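# Structure at a glance
Here are the chains, one letter per residue:
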Amino acid sequence: LVTISAVTADDSTDEWSFDLQSGIDGSSFLPIQAQPKTLVHGSPRSMASVKEKTGNGVHRLLNKWVVVRGVVTVGNEFGGPSYLQDTTAGIAVFDASVSSNVVQGDEVELLGMVAPFNDLFELTPCLLLDKGSGGNPVDTLFLTATEIMGQGSAEPYEARLVRINSITSVTGINGQPAAAWNATGSGTNYILSDATGQVQARISGRINLANAPVPSGAFDMVGVLGQFFSAYQILPRSVEDITP
């Protein structure tokens, strides 16, 4: 039995394995088949620091456990992932145990593993550590299509709640004008145009905007900014995210 006194621990979050060996004769030992692990979590980090990338574009904390705290912008509207943001950045969270227990405006603290999916930064799996107050507001970024598409490798707008004003046309991916937000399967993509350029919107079949008519004139759209490989996508959460 070894005791180390008066130690100071770093405020850290990580998972460690123990090298455990066993034997039957008291003189020779071999590792057991499944080594035990322990997961220790510390204080929340800013989302911007959690999303940092190395020089070659790989997330510095890839496959590492992290703790974050922020306000939920998407709960279970899409059936996953959920989204939340703090004052520095936004993230997607893919875990049904979180999505089914949070709503927009909840302040939450999460433990999750950094595991991007199709170039969207995600935490999965996740554990809801704490749920604080509800009904909290979040800042909405006013952006143009060109600003979204040209944000660069740092991706400061990814997973944030954004708003595009004065959208003048909506077409399907095939280029044909869209009269309604038809949504099939997990969702349908559309092309939005403003005075600066174009950006995609993805309409989930689970929200009440699905199959509603596209506004006949110019309109504004609010949504979280998702990503599917090189394509950024605005994901509105309900009909209330469309303002003619």
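Residues numbered from 1 in each chain as written. Predicted model: local features only at pLDDT ≥ 70, side-chain atom pairs only at ≥ 80, totals over all residues. Heavy atoms only, no water.

## Some words on the overall build of the chain
Basically, it comes down to this: Runs of H or I in DSSP of at least four residues are treated as helices and runs of E of at least two as strands, each being numbered from the N terminus. In this scheme, a residue with accessible area under 20% of its type's maximum is buried, one over 50% is exposed, and one in between is partly exposed, where area comes from a 1.4 Å probe on protein chains only. Whether two residues are in contact is decided by their heavy atoms, any of which lying within 4.5 Å being enough. Only the protein chains shown count as covering a residue, and every accessible area follows the Shrake-Rupley method with a 1.4 Å probe.
Helices and strands together make up the secondary structure of the chain, namely three helices and 17 strands. By principal-axis analysis of the C-alpha atoms, the chain measures approximately 80 × 35 × 35 Å. For the chain, the residues scored as buried account for 44% of the 244 residues in total. Pairs at least 24 residues apart make up 59% of the contacts formed inside the chain by residues separated by at least 6 positions. Just so you have it, the chain exposes about 12700 Å², and 53% of that area is on carbon and sulfur atoms.

## Topic: the environment of Thr243
Note that Thr243 resides in strand β17 (residues 242-243). By relative accessible area, which is 33% here, Thr243 ends up partly exposed. With 142 residues separating them along the chain, Thr243 and Asn101 place their C-alpha atoms 29 Å apart. The residues touching Thr243, leaving out its near neighbours within four places in the chain, are Arg163, Phe219 and Asp220.

## Concerning the environment of Ser28
The topology assignment puts Ser28 in the loop between β2 (21-22) and β3 (30-31). Residues Ser28 and Gln151, spaced 123 residues apart in sequence, show a C-alpha to C-alpha distance of 59 Å. In contact with Ser28, other than residues within four places in its own chain, are Ser22 and Gly23.

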